[in-house]
Amino acid sequence: MSDRKVRVRFAPSPTGPLHIGGVRTALYNYLFARQHGGDFVFRIEDTDSNRFVPGAEEYIIESFKWLGIEFDEGVSFGGDKGPYRQSERRDIYKKYVDILLKEGKAYIAFDTPEELNARRETTANFQYDATTRGTMSNSLTLTAEEVETRLNRGDQYVVRFKIEPGEEVHVDDLIRGDVVINSTILDDKVLYKSADGLPTYHLANIVDDHLMEISHVIRGEEWLPSAPLHVLLYRALGWEQTMPRFAHLPLLLKPTGNGKLSKRDGDKLGFPVFPLEWKGEDGTVSSGYRESGYLPQAVINFLALLGWNPGDDVELMSMDELIRKFDLAKCSKAGAKFDYVKGWWFNREYLLATPAAELAPDFVRLLAAQGIDTTPERAAAVIDMMKTKNIEYVDAQSGQNKKRNVSFIRDLWPLCDFCFVAPTAFDKEDKFVKKNWKEDSAETMAEVARLLESLTTFTAEAQKALIDPWCEQTGAKPWNAWRVALVGAGKGPDMYELSAFLGKEETLRRIRFAIDSL
Ligand code: GLU
C-alpha cells in the first residue's frame with residue numbers, strides 16, 4: 001500500500017455555492033497531494049438531479065482558480081480516467097449494480113414511497129434492514145416470476161445493499177484511528193434507482209474512487225457515518241486490497257464554538273462563508289471572501305490552520321510552506337472554531353506583506369466608487385502612508401465600538417479622504433479645531449508656509465531638514481495647526497509625509513485657506 005501513488009480527489013455536489021468548509025477540505029487534499037508528488041482529481045458528484053443548481057460547477061472552478069488551488073485532472077482539467085462528471089458515467093455504475101445483484105450482495109426492492117411511509121407510521125424507528133426486509137416487497141420475499149413480471153411491466157424499483165447484521169466494521173482513519181461500528185445499526189442503503197437510472201451517492205462514490213485509483217479519501221467529518229457502509233461496499237465488490245485510506249476532517253464550528261458553522265452565523269456577525277459572491281436563483285446575494293477584500297493567500301493560510309497546526313507556533317505560511325509542513329496526523333479530531341477575527345488578522349498580515357503597487361488597482365476601483373479619480377501610483381502612496389493605522393468598527397457580537405488594525409483595502413477610505421478632498425470649511429466649535437488652532441496658529445502657519453515656499457524638492461526629508469531646526473530655534477510647535485489645515489480633523493499620517501503626498505502647491509493652498517478661514 002505504501003508504494004501506491006498518492007491520488008486524492010475533491011468531489012463536490014453542484015448544489016449551490018461552495019461552503020468555506022468545502023474549501024478547507026479541498027485545500028487539505030491539495031496540500032497532501034503536492035507534498036507526496038501525487039495527483040489531485042476534481043470530480044462532480046451530480047447523481048441527485050433534484051438538487052442540481054445551474055452555475056454551481058463553474059462557481060467552484062472559479063473559486064479554486066482565485067485561491068490558487070490547482071487540480072491535475074477532472075471536470076474541465078482533462079485526464080484519462082474520465083468522464084469526471086458522475087451523470088456521464090451511468091453505464092459504468094449499472095455494471096457494478098448488476099454484479100452486486102448477481103452475487104446476491106444487493107437486491108431489488110419495489111416498495112413505493114407511500115408503502116414506506118405507511119410502514120414508518122406503524123413501526124417506530126423503522127429501518128429497512130435484516131430485521132424488516134423479510135416483510136417488504138423485494139426480490140428476497142417475492143418469487144423470481146413475480147419479480148420478472150414486475151420488471152417487465154415497468155414497475156419502478158431501487159436496488160438495496162444487503163447488509164449482514166452483527167459484524168464489527170472497522171474504518172481505519174488517519175485522524176481518528178480505528179473507528180468501529182456494528183453493522184446491525186446500518187440500514188440496507190439504496191444504491192440505485194430505476195426512476196432516473198442513476199446510482200446514489202454511496203455507490204457512485206465508491207466505484208469512482210476505485211476506478212480513478214484514489215489512494216486517500218480526505219473529507220469532512222459529516223461523511224464519517226457513511227464510511228462503514230463504504231468499507232462494506234469495497235469488500236462486496238472485491239476491492240478491499242485497493243481501498244483508499246480514510247481521513248475525516250474536524251468540523252468547522254460557529255465562532256462561539258457551539259454547533260456547526262452556518263451561513264446564518266456569517267450573516268449575523270458579518271463574515272462570508274463562501275469564497276466568492278453568490279447570486280441565488282431567488283435574487284439573494286451572499287457575500288464572498290474575494291468581494292469582501294480578502295487576499296487569496298490570507299484565506300488559504302487562515303483555513304489551513306482551522307483543524308491543523310504544525311505544532312511550532314508558526315502561523316504565517318506560504319502555500320509552499322504549508323505543502324511542506326502539512327500532516328494529517330496533526331489534524332485535530334475536535335471541531336475547529338471559526339475565528340473570523342483571526343481571519344482579519346491574517347488579511348492584515350498579507351496586506352502589509354504585499355507591495356502597495358499590487359494592491360493599488362483594487363484601491364483605485366474603490367476610490368472611483370467614492371467619486372475619486374486617481375492613478376495607481378497615487379493610490380499606492382496612500383496605501384503605504386495609511387496601512388499601519390487603526391480603524392473604528394462596531395463589534396457585531398457586543399454592539400460596542402472597537403478599534404482594530406487596517407485589515408482590508410476598503411478600511412482605508414474613511415481614514416484617507418483628506419488625501420483627495422481638501423477641507424472646504426472649518427467649524428470653529430469643533431473640539432479638535434478649537435483645541436489645536438490657537439491664537440498664534442495663523443502666524444506660525446504663515447511662517448511654515450513661507451519656509452516651505454522656498455523648497456525646490458518637496459519631499460518629506462527636505463521639509464524635515466528645513467522645519468525641524470526652525471522649530472528648535474524658535475520653540476514653535478506647528479504640528480497640530482498644520483493637521484487642522486491639511487486634514488481638518490484629528491487623524492492622518494505624519495505632516496511631512498502628507499504634505500509631500502499633496503505636493504507643494506496643494507499644501508500651501510490648504511494652509512493659506514485655513515489661515516484665511518480661521
Ligand atoms: N459529494 C460529496 C460532497 O458533496 C463527496 C463526499 C466525499 O468526499 O466522499 O461532499
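Here, residues in each chain are numbered from 1, in the same order as that chain's written sequence. Note on the predicted model: pLDDT of at least 70 is required for a residue's local features to be given, and 80 or more for side-chain atom pairs to be given and counted; whole-chain, interface and lining totals, by contrast, use all residues. The side-chain quantities take in all heavy atoms of the structure and omit both hydrogens and water.

J.: Is there a simple way to explain the overall build of the protein in this structure?
T.: Helical segments are the DSSP runs of H or I of at least four residues, strand segments are the runs of E of at least two, and each set is numbered from the N terminus. In terms of regular secondary structure, the protein is built from 20 helices and 17 strands. Restricting the calculation to C-alpha atoms gives the radius of gyration, and the globule rule supplies 2.2 Å times the number of residues raised to the power 0.38. A compact globule built from 518 residues would reach a C-alpha radius of gyration of about 24 Å, whereas the protein, at 32 Å, exceeds it by more than 25%. Principal-axis analysis of the C-alpha atoms places the extent of the protein at approximately 110 × 50 × 35 Å. The buried label applies to any residue whose accessible area, calculated with a 1.4 Å probe on protein chains only, is under 20% of its type's maximum; exposed applies above 50%, and partly exposed to all values in between. Buried residues in the protein amount to 49% of all 518 residues. Contacts are residue-level and defined by heavy atoms, with any inter-residue pair within 4.5 Å sufficient. Across the protein, contacts joining residues at least 24 apart in sequence account for 71% of those joining residues at least 6 apart. Residue-level accessible areas treat just the shown protein chains as cover; the underlying method is Shrake-Rupley with a 1.4 Å probe. Total accessible area computed for the protein in this model is approximately 24,900 Å², and 50% of it derives from carbon and sulfur atoms.

J.: Quick question: what am I supposed to make of unusual backbone geometry here?
T.: Excluding glycine, most residues fall at negative phi; most peptide bonds, likewise, are trans. Residue G82 is joined to P83 through a cis peptide bond whose omega torsion reads -5 degrees. Looking at where P83 falls in the secondary structure, it is placed in the loop between β3 (73–74) and α3 (90–102). Backbone geometry at S76 places phi at a positive 75 degrees, although glycine is not the residue there. Positionally, S76 belongs in the loop between β3 and α3. Using a relative accessible area of 55% as the deciding quantity, one classes S76 as exposed. We note that E213 has phi near 55 degrees; this positive angle belongs to a residue other than glycine. Within the secondary structure layout, E213 lies in the loop between α6 (201–211) and β10 (216–220).

J.: I would appreciate a short explanation of the environment of P255 in the present structure.
T.: On the secondary structure map, P255 appears in the loop between β12 (252–253) and α8 (263–269). A relative accessible area of 17% means that P255 is categorised as buried. With 85 residues separating them in the primary sequence, P255 and Y340 have C-alpha atoms 7.1 Å apart. With residues near it in sequence (within four places) discarded, P255 still touches L261, D265, L269, F271, K337, F338 and Y340.

J.: Please explain helix α18 (residues 479–486) as it appears in this structure.
T.: Within an α-helix, residues lying three or four positions from one another point in the same direction, as the helix has 3.6 residues per turn. Of all eight residues in α18, six are buried; the element is thus mostly enclosed. Inspection of α18 places A481, W482, R483, V484, A485 and L486 among the buried residues, and these make up the whole buried set. Buried-residue contacts for α18 involve α14 (413–420), α15 (431–436), α16 (441–453), α17 (460–474), α19 (495–502) and α20 (504–517). G488 lies just past α18 and shows a positive phi near 80 degrees.

J.: Hey, could you run me through the sheet that holds strand β4 (residues 106–109) in this one?
T.: Picture the strands of a sheet paired through backbone hydrogen bonds; they go either parallel or antiparallel. We treat two strands as partners when DSSP finds at least two bridges between them. With antiparallel pairing, four strands are arranged side by side in an open sheet as β4-β5-β8-β9. Across the chains shown, the open sheet's two edge strands, defined by having one partner strand only, are β4 and β9 (198–199). Across four bridges, β4 lies against strand β5 (residues 158–161) in antiparallel orientation. From the neighbouring strand, Y107 faces β5, where its bridge partner is R160. Across the sheet, α3 is in contact with β4, β5, β8 (190–193) and β9; its angle to β4 comes to roughly 105 degrees. Angular values range over 0 to 180 degrees, each being the angle between N-to-C directions of two axes fitted as lines to C-alpha atoms, with helices fitted over their stretch in contact.

J.: What should I look at first to understand the environment of F338 in this one?
T.: By secondary structure assignment, the location of F338 is in the loop between β15 (336–337) and α11 (340–353). Taking relative accessible area as the criterion, F338 reaches 0% and is therefore assigned buried. C-alpha of F338 to C-alpha of K260: the two residues are 78 residues apart in sequence and 9.5 Å apart in space. Look past the residues within four positions of F338 in its chain and what remains in contact with it is I20, L252, L253, K254, P255, L261, F271, Y289, F302, L303 and L306.

J.: Would you mind going over the sheet that holds strand β1 (residues 7–10) with me for this structure?
T.: Taken in spatial order, the three strands make up an open sheet running β1-β2-β3, and their pairing is parallel. Only two strands of the sheet have a single partner each, and these edge strands are β1 and β3. Examined bridge by bridge, β1 and strand β2 (residues 39–42) share four bridges and lie parallel to one another. If you follow F10 over to β2, its bridge partner there is F42.

J.: For this particular structure, what's the right way to read the site of the ligand?
T.: For this purpose, a residue is taken to be near a molecule or strand whenever a single non-hydrogen atom of the residue falls within 4 Å of it. As a structural note, the neighbourhood of the ligand is formed by R9, A11, P12, S13, E45, Y201, N205, R219 and W223. Within the backbone of A11, one N or O atom sits 2.8 Å away from a nitrogen atom of the ligand. Relative to its unbound accessible area of 300 Å², the ligand is 83% covered by the protein chains. Split into classes, the residues belonging to the shell around the ligand amount to four nonpolar, two polar and three charged. Polar contact criterion, stated in full: a pair of N or O atoms within 3.5 Å, where within protein one must be able to donate a hydrogen and the other to accept it, and residues adjacent in sequence count only if both atoms are side-chain atoms. Polar here means any residue other than Ala, Val, Leu, Ile, Met, Phe, Trp, Tyr, Cys and Pro, which are nonpolar, and Asp, Glu, Lys and Arg, which are charged; Gly is therefore polar.

J.: Explanation requested: the pattern of salt bridges in the structure shown.
T.: If the charged atoms of two oppositely charged side chains come close together, the side chains can form a pair. The term salt bridge refers to a side-chain nitrogen of Lys or Arg lying within 4 Å of a carboxyl oxygen of Asp or Glu. Evaluation of the coordinates by the stated rule reveals 42 salt bridges. Where R176 meets E221, a salt bridge forms, and the shortest distance between an N and an O atom there is 3.6 Å. Residue R176 is located in the loop between β6 (168–173) and β7 (177–182), and its partner E221 is located in the loop between β10 and α7 (227–236); the two are separated by 45 residues in the primary sequence. Judged by relative accessible area, E221 falls into the partly exposed class, the value being 24%. R235 is the partner of E240 in a salt bridge, and the nearest nitrogen-oxygen pair spans 3.6 Å. Residue E240 is classed as partly exposed on the basis of its relative accessible area, which comes to 42%. For R235, a relative accessible area of 34% puts it in the partly exposed group.

J.: Got a minute to help me understand the pairing of β5 in this structure?
T.: Successive residues of a regular strand alternate their side chains across the two faces of the sheet. The alternating pattern of β5 places V158 and R160 and V159 and F161 on opposite faces, both of which are buried. Pairing geometry for β5 and β8, over three bridges, is antiparallel. Counted as the bridge partner of V158 is K193 from β8.

J.: It is not clear to me how the side chain of T444 should be interpreted in this structure. Could you clarify?
T.: Within the secondary structure, T444 is located in helix α16. Excluding anything up to four places from it in sequence, T444 contacts W470, A476 and P478.

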